[in-house]
Amino acid sequence: MDTKHLGINSKLIHAGYKPDATGSVSVPIYQTSTFAFKNAAHGAALFAGEEDGYIYTRIGNPTIKALEENVASLENGCGGIATSSGMSAVCTVYLAFLESGAHVVSTASVYGPTRGLMEKEFARFGVQSTYVDTSDAENVRHAMKPNTRLVYIESPANPSMQVSDIAAIATIAHAQGALVVVDNTFASPYLQRPLDLGADVVLHSVTKFINGHADVVGGILVAKDPALYKRLRSVMISSGCNMDPHQAFLVVRGLKTLGIRVERAQQNAMEIARWLEEQPEVAMVRYIGLESHPQHELAKRQMNGYGSMISFELKGGFEAGRTLMDNVRVATLAVSLGGVETLIEHPASMTHASMSPEARRAAGFTDGLVRYAVGIEDVEDLIADLRQALDFVSAKSNKPKHEPVGTL
Ligand code: LCS
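So, how was this worked out
Residues numbered from 1 in each chain as written. Predicted model: local features only at pLDDT ≥ 70, side-chain atom pairs only at ≥ 80, totals over all residues. Heavy atoms only, no water. Patch = residues over 30% accessible without salt bridge, like charges linked within 9 Å, V, L, I, M, F, W, Y side chains within 5 Å. Areas by Shrake-Rupley, 256 points an atom, 1.4 Å probe, with all protein chains shown as cover. Salt bridge = Lys/Arg side-chain N within 4 Å of Asp/Glu carboxyl O. Helix = DSSP H or I, 4+ residues; strand = E, 2+ residues; numbered from the N terminus. Buried < 20%, exposed > 50% of the residue type's maximum accessible area, 1.4 Å probe, protein only. Domains from an automatic or database assignment. Buried area = accessible area lost by both parts, 1.4 Å probe. Polar contact = N/O pair within 3.5 Å; in protein donor to acceptor, adjacent residues only side chain to side chain. Core = buried A, V, L, I, M, F, W, Y, C linked by side-chain atoms within 4.5 Å. Contact = heavy atoms within 4.5 Å.

### Observations regarding a nonpolar patch on the surface
There is a patch of nonpolar side chains on the surface, built from Leu 333, Val 335 and Met 350 and spanning about 230 Å² of accessible area. Among the secondary structure elements, Val 335 is positioned in the loop between strand 10 (332-333) and strand 11 (343-345). Taking the relative accessible area as the measure of exposure, Val 335 reaches 43% and is therefore partly exposed.

### Some points on the domain arrangement of the protein chain
You can read the domains of the protein chain as domain 1 (8-255) and domain 2 (258-397). One C-alpha centre belongs to domain 1, the other to domain 2; they are set 27 Å apart. Summing both partners gives a buried area of about 3,200 Å² for domain 1 against domain 2, and 61% of it is carried by carbon and sulfur. Contact with domain 2 buries area across many residues of domain 1, yet Pro 159, Leu 191 and Phe 209 alone supply 23% of it, more than any other trio. Here domain 1 and domain 2 share 1 salt bridge between them. Residues Arg 301 and Asp 165 are paired through a salt bridge, measuring 3.9 Å at the closest nitrogen-oxygen approach. Remark: the boundary between domain 1 and domain 2 carries 19 residue pairs in polar contact (both at pLDDT 80 or more). Among the secondary structure elements, those contributing two or more residues to the side of domain 1 that touches domain 2 are helix 1 (8-14), helix 5 (112-121), helix 7 (166-175) and helix 9 (245-255).

### With respect to the nonpolar core
Counting 86 residues, the largest nonpolar core has Val 151, Ile 272, Ile 310 and Tyr 372 as the members making the most contacts within it. Both of domain 1 (8-255) and domain 2 (258-397) provide at least three residues apiece to this core. Leave out the neighbours within four places in its chain, and Val 151 touches Val 105, Val 140, Met 144, Ile 169, Ala 173, Ala 178, Leu 179, Val 180 and Val 181.

Rendered as structure tokens:
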């Protein structure tokens, strides 16, 4: 069946796989490292690329292919490349498109290790990088150099929740011959399709919304055209960062419900964000769906919804945030996001601890920021949970620092 004309929820169920010879409705797990050739000529033809088929799982595997084709169809790309983790997808992009002397312009507030991999590892091989607030496309224009090969955007960004204008940035980058890669993890293909906006490659940590059940680490790349696809696949194969068939099976299973998971989580998130804004202990709430978000209007144009990630700061700063995190009961204190369960974490000491305090400030988030990844629980339970944890925060802040000395 050609799934091109189908809506996104139908693509989630049907794209990339049709029942095989056994009639298996769900994709079988082809748990094999290697595939038998019919004869020597067949093996040679597969290696020469003269025939379609499977050789070795690092190169390709039917279970992994089902996932790759599904996500490529969601993103309106020409092909997907599944990887062992989101970070290996990032590494594949860097390896594929950069060389010694090349320059990258990147969102200052990218996921900490995405920046760390560039600044600590690729810098050793002579790759230069500049980090700017890409929520203003003019900052990208000013950061471009004659040797800029890649503009790497994360939008919405982790955890600042800044949104970047993908179409405007693509125009700027392409005018100078640079490629645009968008980390679409926070939005998922359900809410944003960067290739339609002019990006060349889309990247996901499938660990998050695409899988959605906190039981797999994985990544995927989708390329806009066959040349980019071939380049990325070749780097993935030679660096050996392929996904495993069992991993791919779980992700395909989780992916089918992406639409209903995202809809429910973002409905919860909107209600929680509005509620948080009214709590006396809360100094600031950053949620794309709130009119107070600096790029709310851009997100409305560029995305099909606002997602389920909230960042907020308490009046009591980091200490108050710590008290909150130690006292939630329904939400779980853990890194990651995009799963059915609500998670809470502290970016400055956890996910973004690899960045310097100056880099964190420049990236638009403070050390007191708490990140709240909303799941699909009953929203009343999440709000009651936050309220009881905030009661601990206010009880602590009302407590005198020293016991009164008393009067004689
Ligand atoms: N890109 C984004 C936007 C991410 O949030 C992450 C992981 C990655 C790439 C890397 O993907 P991984 O290798 O972990 O699959 N973000 C995490 C986070 O915010 N908490 O824990 C992991």
